[in-house]
Amino acid sequence: KKYKIEPAATKKNVAIIGGGIGGMEAAIVCAKRGHSVTLYEKDDKLGGVFIAAAAPSFKEKDKQLITWYKREIRKYKIPVKFNTEVTDISTLNADEVVVATGAVARTLPVQGAEYAMSATEFLLGEKQVGENVVIVGGGLTGCEIAYELYLQGKKPTIVEMKDDLIAVTGVCLANTSFLRDFFKANGVPVHLETGVEEICEDGVRVKDKDGKTFKILADDVIVSVGYNPAPIAKKAKNVHIVGDANKVGNLRTVIWQAWDVAMKL
């Protein structure tokens, strides 16, 4: 009863900016409700940052989810304008605009940052890593990268400023508990309450909670220190911001918010 699709009282032209999970969810729900939907995507494929998130070998269900979304877009004959970056929403012929432009990765303002690669560069296979790898950032993405590296037979080390791994709300306890236990059981080094002072060609120089500075040797360094929302427009009467463009969350928060917004249009 709560989640049945209600036909829209007034059929509108809806522009969705961003073809990630949030944008695709909003587009599908709007189309099901009878709106005329156009989806704008700056790249040449749908999926957004979730393509990288679904890249690890153990994410087969996430890969299937992207495939399902693409199929639904085709099923409801939603026009997608690829390689189209919208910078000014006033140029769109739309009654309602849904901004689903995601977030941008934070950078680490330390000396030698150019020696590191981003989580996305690693996940998409744009850059390769050696045997010993330091992951800066022990959030969900950083921990999943460390897990994937271990499965590949490499030796990951995690450096995290907080006093625990994946110290955020809204992540499934089974996932966080498994990752913490896996690293402990398999002897993956985890340095909590430790900040990066400098990234070097052969590792990182860090400082722990006691003020002790030491170096961790590594062939490569992957930085995974979170994201900042990157909406291309401000919220207004007919402008709605969903997903990470609104507030960085996870797959569930993105889908639910996109659904809620699309059901109110």
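Everything discussed here concerns the structure shown above.
Described in the following lines is the structure provided in the data block.

Parameters at a glance
Each chain carries its own residue numbering, running from 1 in the written order of its sequence. Reporting of local features is limited, given that this is a predicted model, to residues whose pLDDT is at least 70; pairs of side-chain atoms are given and counted only at 80 or more, and all residues count toward the totals for whole chains, interfaces and linings. As a convention, hydrogens and water are excluded, and side-chain values are obtained from all of the structure's heavy atoms. Residues enter a nonpolar core if they are buried and are Ala, Val, Leu, Ile, Met, Phe, Trp, Tyr or Cys, with the set joined through side-chain atoms within 4.5 Å. Categorising residues by exposure relies on relative accessible area from a 1.4 Å probe, with only protein chains included: less than 20% of the type maximum marks a residue as buried, more than 50% marks it as exposed, and the intermediate range marks it as partly exposed. Helix and strand definitions follow DSSP, with helices as H or I runs of at least four residues and strands as E runs of at least two, each counted in order from the N terminus. Here, residues are in contact when the closest pair of their heavy atoms is within 4.5 Å. When DSSP locates at least two bridges between a pair of strands, those strands are taken to pair. Only the stretch in contact is used when fitting a helix axis, every axis being a line fitted to C-alpha atoms; angles between N-to-C directions are given from 0 to 180 degrees. Roughly parallel means an angle under 35 degrees; roughly antiparallel means over 145; roughly perpendicular covers 65 to 115; every other angle is labelled oblique. Left-handed describes a crossing whose near helix is turned anticlockwise from the far helix by less than a right angle; the clockwise case is right-handed. The classification used treats Ala, Val, Leu, Ile, Met, Phe, Trp, Tyr, Cys and Pro as nonpolar, Asp, Glu, Lys and Arg as charged, and all other residues, Gly among them, as polar. For this analysis, a salt bridge means a side-chain nitrogen from Lys or Arg found within 4 Å of a carboxyl oxygen belonging to Asp or Glu. Between rings of Phe, Tyr and Trp, where Trp is taken as its six-membered ring, a pair exists when centres lie within 6.5 Å; planes separated by under 30 degrees are stacked, by over 60 edge-to-face, and by other angles tilted. Comment: the charge-over-ring label is applied if NZ (Lys) or CZ (Arg) is within 6 Å of the ring centre and within 35 degrees of the ring normal. We define a polar contact as two N or O atoms separated by no more than 3.5 Å, with the added condition that, inside protein, one atom must be a possible hydrogen donor and the other a possible acceptor, whereas residues neighbouring each other in sequence contribute only through side-chain atom pairs. Between the first and last residue of a helix there are one fewer steps than residues, each counted as 1.5 Å, and that sum is the expected span.

With respect to the nonpolar core
A general trend in soluble globular proteins is that nonpolar side chains are found buried together.
Then step 1. One finds Ile16, Ile73, Ile78 and Val98 to be the most contacted residues of the largest nonpolar core, which totals 30 residues.
Then step 2. If you list the elements that add at least two residues to this core, you get strand S1 (13-17), helix H1 (21-32), strand S2 (36-40), helix H3 (60-75) and helix H7 (251-264).
Then step 3. Ranked by the residues each element gives to this core, the list is headed by H1, at eight residues.
Then step 4. For Ile73, the contacting residues outside a window of four places in its chain are Met24, Ala27, Ile28, Leu39, Leu46, Ile78 and Val80.
Then step 5. Membership of the second largest hydrophobic core comes to 21 residues, among which are Ile145, Tyr147, Leu149 and Ile158.

Regarding the sheet that holds strand S6 (residues 117-118)
Then step 1. Pairing is parallel in the open sheet, where five strands are placed in the order S6-S13-S7-S8-S9. What marks the edges here is a single partner per strand, and that holds for S6 and strand S9 (190-191).
Then step 2. Bridge count between S6 and strand S13 (residues 220-223): two bridges; the pairing is parallel. Across the sheet, Met117 pairs through a bridge with Ile222, a residue of S13.

Digging into the packing of helix H5 (residues 140-151) against helix H6 (residues 173-185)
Each pair of packed helices can be summarised by the angle the axes make with each other and by the distance between the axes.
Then step 1. As a packed pair, H5 and H6 sit with axes 11 Å apart at the nearest point and diverge in direction by 45°. Looking at the two axes, H5 sits oblique to H6. Here H5 and H6 pass one another in a crossing that is left-handed. Across the interface between the two elements, Leu140, Cys143, Glu144, Ala146, Tyr147 and Tyr150 of H5 pack against Phe178, Leu179, Phe182 and Phe183 of H6.
Then step 2. Counted by class, the contact of H5 with H6 contains nine nonpolar, no polar and one charged residues.

Comments concerning the pattern of salt bridges
Then step 1. This structure, assessed with the given rule, holds eleven salt bridges.
Then step 2. With its nearest N and O atoms 3.0 Å apart, the salt bridge here joins Asp164 to Arg180. Remark: Arg180 occurs in helix H6 and Asp164 occurs in the loop between strand S8 (155-159) and H6; sequence separation between them is 16 residues.
Then step 3. Because the salt bridges share partners, they merge into one network encompassing Lys59, Asp62 and Glu144.

Here we look at the packing of aromatic side chains
Then step 1. For the coordinates displayed, the defined rule picks out eight aromatic pairs.
Then step 2. Aromatic rings pair up to connect Phe58, Tyr147, Tyr150, Phe178, Phe182 and Phe183 into one cluster.
Then step 3. The lysine or arginine in question, Lys212, covers the ring of Phe214, its NZ or CZ lying 5.4 Å from the ring centre.
Then step 4. A cation over an aromatic ring shows up here: Arg252 above the ring of Trp256, its NZ or CZ 5.6 Å from the ring centre.

Remarks on the side chain of His240
Then step 1. The topology assignment puts His240 in strand S15 (residues 239-241).
Then step 2. With relative accessibility at 18%, the residue His240 sits in the buried group.
Then step 3. A distance of 2.7 Å separates polar atoms of two side chains, one belonging to His240 and the other to Glu96.
Then step 4. Residues contacting His240, with those up to four places away along its chain left out, are Glu96, Val97, Val98, Val99, Val261 and Leu265.

Quick look at the pairing of S2
Then step 1. With five bridges joining them, S1 and S2 adopt parallel strand pairing. Bridge pairing in S2 links Asn13 to Ser36.
Then step 2. With two bridges connecting them, S2 and strand S3 (residues 80-81) associate as parallel partners. Among the inter-strand pairings, Tyr40 is bridged to a residue of S3, identified as Lys81.

Some remarks on H6
Then step 1. Over its 13 residues, H6 extends 18 Å from the first C-alpha to the last, a length consistent with the 18 Å expected when each residue adds 1.5 Å.
Then step 2. Contacts made by the buried residues of H6 are with H5, S8 and S9.
Then step 3. One or two steps after H6, the chain reaches Gly187, where phi turns positive at roughly 65°.

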